Amino acid sequence: MLAISVASAAGAQQLLTVQFPDTDRTSVTDCATPTVLTLPDGGTVTLQGGQFIHYEDENFFGTMYVSSSAAGCQATGPDFDLLQRPITEVTVTFSKEQSAMTVQTYNLLGPPGMWDGPNPGMGLTFRDRSGNPLEGMGRGFPSHLMNPDPFPYPFPGLSWPPFTSITFDTSTAEIAPDKLTYTPTDWQWGITSLAVLQNPIDVTGEILDGSALETKKAVTPDQTIYAQVPLGLELRLGLKRNGVYISAKYELSPATLSNVATPTLYPTNVVLEYNRDKHEGQKTFRGVHLGTQKLTVTPDDTNIKPFTFTLGVFDPGNLGNTDVQYDPLFVAWGNKRGFPPHILKGLVRQEGPFDPFSYRYEPLNATTGDRFIQTRLSTAPYASYLLLTSTGIAKGALLLDLNAGQTAYTVTDDVSPRKALVLPRATGPTPTPITPLDVCPNGCVSARQIFEANDGKQNWSDPSYVGNVDWWDNQHLAMLEFTAQTPTAASYGLMQTMYVRAIELQWQTTDGKQNPSLLFDTPANTNIGGGSLSIGTRELYSAYRACNAPDLATNPDFADTDAYASQIIDTFNWYNHGNATLNVDYGDKAWAFSQQFSPSHPLSKIFP
Amino acid sequence: MRTRYLASTAILFLTAVLPACGQLSDAQIVANAYPAELSADPDAQARFSTFVAFDMDGNGQTLLIALYTNGTRAGLSVVNRGGQVLSHPDTRSLKGFKGELEIVDLDHDGVPEIIVRLYSGHGANIPDTWIYAWRGGQLTLISPTQRVHALDITVLSQIAPVDLDGTGKLAILAFPGVRRDDNGNRVANGDGMVYALANGMYAPTPMRFTFAQSFVRHTASPNPTVKHFAASPGQATLRIVNGAAPGGLTVDSARVILNGATIAAPSSFKPQTRTLAIPVQLTTDNNLSVELAGKPGAGIWIIVAGPTNQ
């Protein structure tokens, strides 16, 4: 591989091999027609006097530019060689002046070269724009020798002026039967590689939220490049030379994550790489966990050494401009589970206004509501969080009941959320909120009492919830004659997680607690693994894995942004239930909401 | 008599026919048939099943219709008492935390259909609903779905089967679900839709409804039941369907008052009158009072369709 670094004022420059075209042709048929190739920096190089062919032997496999005397490329006569030996001549002309280059040649036929006698030779003449010779080189030409040293320009240690064209003149050896055993009737040779000095490489980065493109100038493979993106957003990177992106393989090394939940999406990724198996001029990544990850960018041009990046994902700060007080919760759990925080926020907004203390008692539901709890009164952990029942089942030993004995709820605990419900009172016609005194044994409150007093507001019996079951008939009302377990038969927090759901997902805080009130989305609860977001994101994790067959959790291979969005929308649609009108566009709407909450990252730089 | 069982009902029924000692119970048979694709999920956090038992083929052989979930995905199977899974349809998008089964003869052919309600365990606790028919010894999904990205999503949440036309073939009232308004209150989310059987599948009809509810005569002395509902003001049609439960008792008469105006009096309920369609004027907030006369358990449906959906 040829890659020579040359110092320049603009930064390290490299000699880059000119890409030769693939061809099926194996012999030279036309020496007269010039071939024009485009260089990476936008210039051209024109070769004439030979033809590109595919050639292979034990030393070479691939395309070379070949001139063959047998194919008619030769000329003889005193104008070319005083000894009238067969001559082939190739010219290489650049559209722009070149200050440095190397060229590698290969002798396909002919005798071995000898320094002490006649041998086939090659002379190179470097010319200026007007065709005037500037410098010359010559060499005896060994047969079938792939790597005599390449011809360099300028010769090391010398200072030569820029040139525009090169003339390659070759000739067979002078006939000398006493020294040579072949008959020099013809020969052919080729140019196997041509490397010219190219412009410096820049790296560009663009956060795909409308932010301006940023450029880091004149990067070199010997330096690690740091680039960063806010958690949840997309970053497009590219290596650029002279205005053209360099096709390359972008390869992430597995990352070691810290402070993530178990389970989490993408356990070895700080960023996702889209279309990861495709070599591209630019590559898009999405930040999914806080931290850093190594990226190796290997240009397809093997003359360019791989570049190494450290990709950093940082806290995005505010998610949009509204309801930002909850953003640290979304950032924390987005990072822990691998969901972009602003997309989590969009999902919660799709569910309704933000309410970290959202609470709803469910008396009727037999799968997660109080009719289910009644089947688990002696089962852990429900038994530990019971209210004393009218049948004498003891109050749960772990129930947080800080307002016990008071006349009003003043602090939040496991019982206090029931203050949102009312009861009819003998003291007046208007129902009033439940108080701490409304507990057994003296003030038992049944599910039926709560149902009858609050159904008008809570709509538990609405057909949208229960279909055509008439919960107001006596038979059904009688099914609610039990002490209401308002702490455990309820949903909590921003994501309205049913306590039963949380328990069956084996939720507990980092200190082992399972109190219902720890499902409220407060910073204190979040810090110990509580809050509905801990469960809601766990549900989303399962929905993500279940909604489509490929393992996109540990093997995230998305073609592009649309493919990623489609997966997240499927996840949301899997997560969502029971809203006929919204079922089909729930995920799309949540995604649309999330765009309102895209972090603005006003002061961040991709390349700090 | 139309067949209609909830899963819990069936379980109670089965306690009376427990198998002899040494045989597996139906619950054990159902548990043993837990679908492989659900147990193979490395993230499965739960293992839930419920079932109903019914002679689906009318040959004296009770079959077990079992609903399973692993906390996220769900599966439906029909298992015979030998433990053989006879049918396990591949409904890729069947999802939920827990669920319920109901069997109802929706198409009036003597073979009940299976209504699957699956709950997420969060939010408003309103189910996704799917309906399967038992045809040729296989379960066939007959409820509507819609392809959204890679999923075929059910468009049914909570439903109610109603015999709207007296044919015995039940239409499906599909309730729209709820959403939370800007104050966090749960409110109706648009109009409900009505689906009817067409070529063995439930398909949407042009009919929409702003309000639909069954009213049942209770054992206590008849008293008006009062409901409030929101609507767009204007002309509408209030339909009264005599008979609340499919195949259930009909009322002898009723008095229906909407916004203070009597729109159906006992005299409106002539013998053999099954449905009444009454033009009404809706306001933004509507007050509906219904008083029934008849045997306890008898009932009616009241369905209000807005001006453009009649």
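Bear in mind that the values here come from a model prediction, so they are computed numbers and not experimental data.

Draft legend 1. Representation of the overall build of chain A within the structure. Across its full length, chain A holds twelve helices and 29 strands. Within chain A, the fraction of its 608 residues that count as buried is 45%. Taking the contacts inside chain A whose residues are at least 6 apart along the sequence as the reference set, 67% of them involve residues at least 24 apart.

Draft legend 2. Fine view of the interface of chain A and chain B. Listed as interface residues are 54 residues of chain A and, on the opposing side, 56 residues of chain B. Where the side of chain A that touches chain B is concerned, the elements lending two or more residues are helix 6 (463–466), strand 29 (497–498), helix 8 (499–504), helix 10 (532–547) and helix 11 (561–575) of chain A. Considering every element that reaches the side of chain A that touches chain B, the biggest residue donor is helix 10 of chain A, with seven residues. Its residues assigned to classes, the side of chain A that touches chain B shows 19 nonpolar, 25 polar and ten charged.

Draft legend 3. Representation of the packing of helix 11 of chain A against helix 12 (residues 586–596) of chain A within the structure. All names here are of chain A. Across the interface, helix 11 lies against helix 12 with an axial gap of 7 Å and an inter-helix angle of 120°. Classified by the angle their axes make, helix 11 and helix 12 are oblique. The interaxial crossing formed by helix 11 with helix 12 has right-handed handedness. Packed against helix 11, whose contacting residues are Ala565, Ile568, Ile569, Asp570, Phe572 and Asn573, the element helix 12 presents Tyr586, Gly587, Asp588, Ala590 and Trp591 at the interface.

Draft legend 4. The arrangement of helix 10 of chain A in detail. With 16 residues, helix 10 of chain A extends 22 Å from end C-alpha to end C-alpha; this agrees with the ideal 22 Å at 1.5 Å per step. By the criterion of burial, helix 10 of chain A is predominantly enclosed, with 16 of the 16 residues buried.

Draft legend 5. Summary view of the confidence of the model for chain B. Residue and element names in this part refer to chain B. Summing up the model confidence of chain B, the mean pLDDT is 87 and the portion of residues at 70 or higher is 91%. Counted against residues more than four places away or in other chains, residues 1–20, with its pLDDT under 50, gives 30 contacts. Scoring the predicted complex yields pTM 0.78 and, for the interface, ipTM 0.89.

Draft legend 6. The arrangement of helix 11 of chain A in detail. Under the 1.5 Å per step criterion, the end-to-end length of helix 11 of chain A is 21 Å for 15 residues, consistent within 8% with the ideal 21 Å. Looking at helix 11 of chain A, one finds that the buried residues are Tyr564(A), Ser566(A), Ile568(A), Ile569(A), Asp570(A), Thr571(A), Phe572(A), Asn573(A), Trp574(A) and Tyr575(A). Buried positions along helix 11 of chain A lie against strand 22 (282–287), helix 3 (341–351), helix 10 and helix 12 of chain A together with strand 10 (145–148) and strand 11 (151–154) of chain B.

Draft legend 7. Seen up close, the sheet that holds strand 2 (residues 48–54) of chain B. Residue and element names in this part refer to chain B. Taken in spatial order, the four strands line up as 2-3-4-5 in an open sheet, and their pairing is antiparallel. With one partner strand each, in any of the chains shown, strand 2 and strand 5 (85–87) form the two edges of the open sheet. Neighbour-to-neighbour, the strand axes of this sheet turn through a mean angle of 35°, independent of strand direction. Sheet topology places strand 3 (residues 63–69) next to strand 4 (residues 74–80); seven bridges connect them, and they run antiparallel. Looking at the pairing, Ala66 lines up with Ser77 of strand 4.

Draft legend 8. The arrangement of the nonpolar core in detail. In this structure, Ile65(B), Tyr132(B), Leu173(B), Ile300(B) and Ile302(B) are the most contacted members of the largest nonpolar core, which totals 221 residues. With eight residues, helix 10 of chain A is the largest single contributor of residues to this core. Not counting the four nearest positions on each side in its chain, Ile65(B) is found in contact with Phe51(B), Val52(B), Phe54(B), Val78(B), Leu101(B), Ile103(B) and Ile114(B).

Draft legend 9. Layout of the sheet that holds strand 20 (residues 234–242) of chain B. Residues and elements named next belong to chain B. Spatial ordering of the open sheet is given by 18-25-20-23, a layout of four strands whose pairing is antiparallel. For this open sheet the edge positions go to strand 18 (211–216) and strand 23 (275–282), each flanked by a neighbour on one side alone. With strand direction ignored, the average angle separating the axes of adjacent strands in the sheet is 20°. Pairing between strand 18 and strand 25 (residues 299–305): six bridges, direction antiparallel. Each bridged residue has a counterpart across the sheet, and for Val216 the counterpart in strand 25 is Gly299.

Rules behind the numbers
- Residues numbered from 1 in each chain as written.
- Chains lettered and ligands numbered in written order.
- Predicted model: local features only at pLDDT ≥ 70, side-chain atom pairs only at ≥ 80, totals over all residues.
- Helix = DSSP H or I, 4+ residues; strand = E, 2+ residues; numbered from the N terminus.
- Buried ≥ 20, exposed ≤ 12 C-beta atoms within 10 Å, placed from the backbone.
- Contact = placed C-beta atoms within 7 Å.
- Nonpolar A, V, L, I, M, F, W, Y, C, P; charged D, E, K, R; others polar.
- Axes fitted to C-alpha atoms, helices over the stretch in contact; angles between N-to-C directions.
- Parallel < 35°, antiparallel > 145°, perpendicular 65-115°, else oblique.
- Left-handed = near helix turned anticlockwise from the far one by under 90°.
- Expected span 1.5 Å × (residues − 1).
- pLDDT = per-residue confidence, 0-100.
- Pairing = 2+ DSSP bridges.
- Core = buried A, V, L, I, M, F, W, Y, C linked by C-beta atoms within 7 Å.

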